[in-house]
Amino acid sequence: MSTAEETATAAASGAAATERFHHDKSPYEAVKDTPKERVDLLAREVLDAIHRTIREHRVTYDEYNALKAWLIQVGQDGEWPLFLDVWVEHVVEDVATAGRRGSKGSIEGPYYVPNAPERGADASLPMRDGEPGTPLLWEGAITSIDGTPLAGTVELWQADADGYYSQFAPGIPEWNLRGTFTTGPDGKFRIRTIQPAPYQIPTDGACGKLIAAAGWHAWRPAHLHVKVTAPGHQELVAQLYFPGDPHNDDDIASAVKPELILAPVVQDDGTARIEYGFELDPQED
Ligand code: DHB
Ligand code: FE
C-alpha cells in the first residue's frame, strides 16, 4: 500500500475539493441577472420531481429522516463537489456542448487546479523519480474545426498509478501529474506521462454510503483530464479513456463517450504511443 492509500479519506479529499471550488470566482456572479421566472421554474420542477417520487414510492418518515441525515453528511464531509460532478455534471455538459461540431468534451470533475506548471509544447508532465505506471507518449495538435492549426494550451491533469490526484490526496508533490502545454503556430504537442489507474471515488464518506446502500460500485475508468484553449475558440474540457477498461461501460460518473477512447500502440520499449488531437469550435459571438 502506498502512503496515499493509507491516509486518503473522503473528508480530506472532499474538503480540498470544496476549498478548490470556493477559490474560483464567485459562481453567483455569472447568473446574477437570471430572471425570477427562471429560478421559480427550475426550483419548482426539481421540487415537483422529488414530490412525485415520494408519492409514487410512498416514502416513509424513516426514509425521509435518513435522507435528511445523509444530505447533512454530504455537507459535513465536503462531498457536494464530488456528488454533483459524479451524478449531475454529465447532463449539464451534454446540454452545454450539444451544438458543437469539433471534438467531444466530457465533465471537468472536482480535481482541476488552474495554473499548473508551463512545460512548452514537447515535454513530460511533472512527475516523481520512478513514477510508477506504463509510460505514455502522446502526440497531437490543436486545430480549428476547418483544420487550421492553433497556438493554444492543453492543460492536463490525471491520477497516478494508484488512482490518486495531487493536491487531493496526501503525500504527493503539489503539481505531480499536472501541467500546461503551450503549442506554437503549428498547434502540435508531444506529451510524456504515465497511464493512470482506474479511479475509485472515496468510499468512506457520504457518497460511499449511498453507493453501498444502493448496491452500486464506486469506479471510474482510468482517464486523462484535459482543458484545451485557443484564442477565438470555445474552451474544450474533456477526458480521454483507455480501450478495454472494465469501467468504460459503467462509469459511475457517466462521462465516457466512444469518441474519447484512445487507441494506444505499445512500442518495443514498452511505451504506449497515442495520437489524439483536438478540434475547437470557433467562439459563438
Ligand atoms: C470525480 C472524480 C474524478 O476524478 C472525476 O474525473 C470525476 C468525478 C468525483 O470524485 O466526483
Ligand atoms: Fe478524474
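In this text the structure is predicted, and so the values were computed from the model without any measurement.

Draft legend 1. Spotlight on the site of ligand 1. In the vicinity of ligand 1, 13 residues are found, and the nearest of them are L82, V86, Y165, R220 and H225. With respect to ligand 1, the side chain of H223 contributes an N or O atom lying 3.1 Å from an oxygen atom. When atoms are counted within 2 Å of each cavity's grid points, the one that captures over half of ligand 1 is the largest cavity. Those elements that place two or more of their residues in the shell around ligand 1 are α5 (80–87) and β9 (223–229). For the shell around ligand 1, a count of residues per class yields 8 nonpolar, 4 polar and 1 charged.

Draft legend 2. Focus on the nonpolar core. Among the nonpolar cores identified, the biggest contains 54 residues, and W138 and F278 are the most heavily contacted of them. In contact with W138, other than residues within four places in its own chain, are L156, F189, R190, I191, L224, V226, L240, I274, Y276 and F278.

Draft legend 3. Focus on the UniProt feature "domain: Intradiol ring-cleavage dioxygenases" (unreviewed entry) in the protein chain. On the UniProt side, "domain: Intradiol ring-cleavage dioxygenases" (unreviewed entry) is annotated at positions that read residues 107–280 here. This span, residues 107–280, is 5% helix and 34% strand, and a straight line between its end C-alpha atoms measures 16 Å.

Draft legend 4. Here's a closer look at empty space enclosed by the protein. Here the structure, examined in full by the defined rule, presents 2 cavities of 30 Å³ or more. In this structure, the largest cavity encloses a volume near 120 Å³. Lining the largest cavity are 15 residues, and of these V86, G109, P110, Y199 and R220 lie nearest its centre. Only α5 and β9 provide two or more residues apiece to the lining of the largest cavity. The residue makeup of the lining of the largest cavity, split by class, is 9 nonpolar, 4 polar and 2 charged. Counted as a void, the second largest cavity has a volume near 30 Å³.

Draft legend 5. Quick look at unusual backbone geometry. In this model, Q167 sits at a positive phi of 75°, which is unusual for a non-glycine residue. Relative to the elements of secondary structure, Q167 occurs in the loop between β4 (153–158) and β5 (178–182). Note on Q167: relative accessible area 30%, which makes it partly exposed. Despite not being glycine, L177 shows a phi value in the positive range, around 60°. If you trace the backbone, L177 turns up in the loop between β4 and β5. Given the relative accessible area of 1%, L177 is considered buried.

Draft legend 6. Structural view of the sheet that holds β9. Pairing within the open sheet is mixed, and its 5 strands lie in the order β1-β5-β4-β9-β10. At either end of the open sheet lies a strand with only one pairing partner, and these are β1 (118–120) and β10 (236–241). Across the sheet, the axes of successive neighbouring strands diverge by a mean angle of 25°, strand direction being ignored. Inspection of the sheet shows β4 paired to β5 by 5 bridges, in the antiparallel sense. Paired with W157 across the two strands is R178, which belongs to β5.

Draft legend 7. Fine view of the packing of aromatic side chains. A complete count under the given rule lists 14 aromatic pairs for this structure. Plain terms: the ring middles of Y165 and Y199 are 5.5 Å apart, the flat faces sit at 75° to each other, and that makes the pair edge-to-face. Of this pair, Y165 sits in the loop between β4 and β5 while Y199 sits in strand β7 (residues 199–200), and the two are 34 residues apart along the sequence. Across this residue pair, the class does not change: Y165 and Y199 are buried.

Rules and cut-offs
- Residues numbered from 1 in each chain as written.
- Chains lettered and ligands numbered in written order.
- Predicted model: local features only at pLDDT ≥ 70, side-chain atom pairs only at ≥ 80, totals over all residues.
- Heavy atoms only, no water.
- Near = heavy atom within 4 Å.
- Polar contact = N/O pair within 3.5 Å; in protein donor to acceptor, adjacent residues only side chain to side chain.
- 1 Å grid on protein atoms, 1.4 Å probe; cavity = no way out; pocket = protein on both sides within 12 Å on 5 of 7 lines; lining within 4 Å.
- Sits in = over half its atoms within 2 Å of the grid points.
- Helix = DSSP H or I, 4+ residues; strand = E, 2+ residues; numbered from the N terminus.
- Nonpolar A, V, L, I, M, F, W, Y, C, P; charged D, E, K, R; others polar.
- Core = buried A, V, L, I, M, F, W, Y, C linked by side-chain atoms within 4.5 Å.
- Buried < 20%, exposed > 50% of the residue type's maximum accessible area, 1.4 Å probe, protein only.
- Contact = heavy atoms within 4.5 Å.
- UniProt positions renumbered as here; feature names shortened; annotations may be inferred.
- Points joined across faces, edges and corners; volume = space filled by probe spheres on them.
- Pairing = 2+ DSSP bridges.
- Axes fitted to C-alpha atoms, helices over the stretch in contact; angles between N-to-C directions.
- Phe/Tyr/Trp six-rings, centres within 6.5 Å; stacked < 30°, edge-to-face > 60°.

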